[in-house]
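Each chain is listed here by its residues.
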Amino acid sequence: MVYKKNFESVHDSGLMEVKEALSRTSSPADRVDFKPREHVRRADFIARDLVIVFGGDGTLTSLSHNIDASTPVMGVNSHPRSEDPTGSFGFYMDSSIATFEDDVRTAMAGKAIVNELPRLQAIIDSTSGNRFTTDPAMNDLLIANTHQYAPSKYHLRRGEQQCLQQSSGLLFSTWFGQGAWLRNAMSSDEFSTLRQTVREDEVDSHYFVLARDIPPAQRKHQSWSWADWTGASTTITSDMHRGYVVPDGWDEVHFNRGATITVNAEAPPLRLLTFRTTLMEKLRRLEASE
C-alpha cells in the first residue's frame, strides 16, 4: 500500500482506519507493506497481487508509471470532495475510507471490476542514434520547448499528413484523462466538436492531440494539426534548441534539436479496479451532468 504523506490530520486519521481494516482482512500468511509515495521505487511493485493507492488522482497517476500491465491497482480517496469542497475529486479512486474494508475483500476475492486503461508513450530517437521510451502516461503527455515563453518549433507528421508548426507545445490525452488538462485547454464548443468524432470502441487505441496556440489560419486549413482524435502515431522532429516530454505532469525527459519523438497509445495498459461501476459509465454520467 502506497499513501500520500502530507501531515494533514484528515489523511493521517484515514490512513490509520485503512491500516486497521487491512489487519482485519489479511491472513497471517499475507505480506502487506506500507510505504509513503516519496519512498517507493519501481522494484516495490514487482510481483504484487494488489497495489493500493491511498490519496487522490495525482497520487495514483504519479505512481502508475511504475506499475506494469499485470498488476491490479485499487485507488482509495483519502479526502473526498463530496465530504469537503477542498478535497480530491478522485475520478480514478472508486474506494473511500467508508467503503474500503468491503472493497478490499471484493478485490482479494477477484470480484472487482477490472478497467483496462490505455496509456500513452513517447519514443525518443536522439541525433546520436539512441532510442528510449518514456514512462507510460495515464492522463496526458506534453511535448514542448523547455522555455515555455519560447515557441515550440517542429515538423509534425501523422499518417500521410505533415506540416511545419510553431505552437506552445503539443498536448496528448487519453480518453479517460480528458478532464485532467485537455478539456481546460479548449473551449467547451471546441471540445464538443472534437468529441463528436469519437467512437467508444476506439478508446483503447486512440488518443486526443491538441497543438496549443497555433495561428488561426493553420487551425482552419490544417485542422488535423490543431485538434485530432486519432489511432495513428504522431511524429515530430524537433527544431528547438532543447525540448522535453512530460508524462502526467511528472518527470521531464529532455531532447535536443533534430531528435524525433513518436507518440502513440501502445503503452501497456493499467489494470484499475472499481467496485460499483466501470470508469466508462462514470465518465458518461459526468458528461450527462454537465
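We now turn to the structure provided with this report.

## Observations regarding the sheet that holds strand β11 (residues 170-173)
Judged by pairing direction, the sheet is antiparallel, and its 6 strands sit side by side in the order β13-β12-β11-β8-β15-β16 without closing on themselves. At either end of the open sheet lies a strand with only one pairing partner, and these are β13 (227-230) and β16 (253-256). With direction set aside, neighbouring strand axes in the sheet form an average angle of 15°. Two elements, strand β15 (residues 242-247) and β16, share 4 bridges in a ladder whose sense is antiparallel. Bridge pairing in β16 places Arg 242 opposite Asn 256.

## A word on unusual backbone geometry
One non-glycine residue with positive phi stands out, namely Ala 47, at about 60°. Looking at the secondary structure, you find Ala 47 in the loop between β2 (35-36) and β3 (51-55). Within the chain, Asp 213 stands out as a residue other than glycine whose phi angle is a positive 60°. Note on placement: Asp 213 falls in the loop between β12 (207-211) and α6 (216-221). Asp 213 gets classed as exposed once you look at its relative accessible area, which sits at 56%.

The rules we used
- Residues numbered from 1 in each chain as written.
- Predicted model: local features only at pLDDT ≥ 70, side-chain atom pairs only at ≥ 80, totals over all residues.
- Heavy atoms only, no water.
- Pairing = 2+ DSSP bridges.
- Helix = DSSP H or I, 4+ residues; strand = E, 2+ residues; numbered from the N terminus.
- Axes fitted to C-alpha atoms, helices over the stretch in contact; angles between N-to-C directions.
- Buried < 20%, exposed > 50% of the residue type's maximum accessible area, 1.4 Å probe, protein only.

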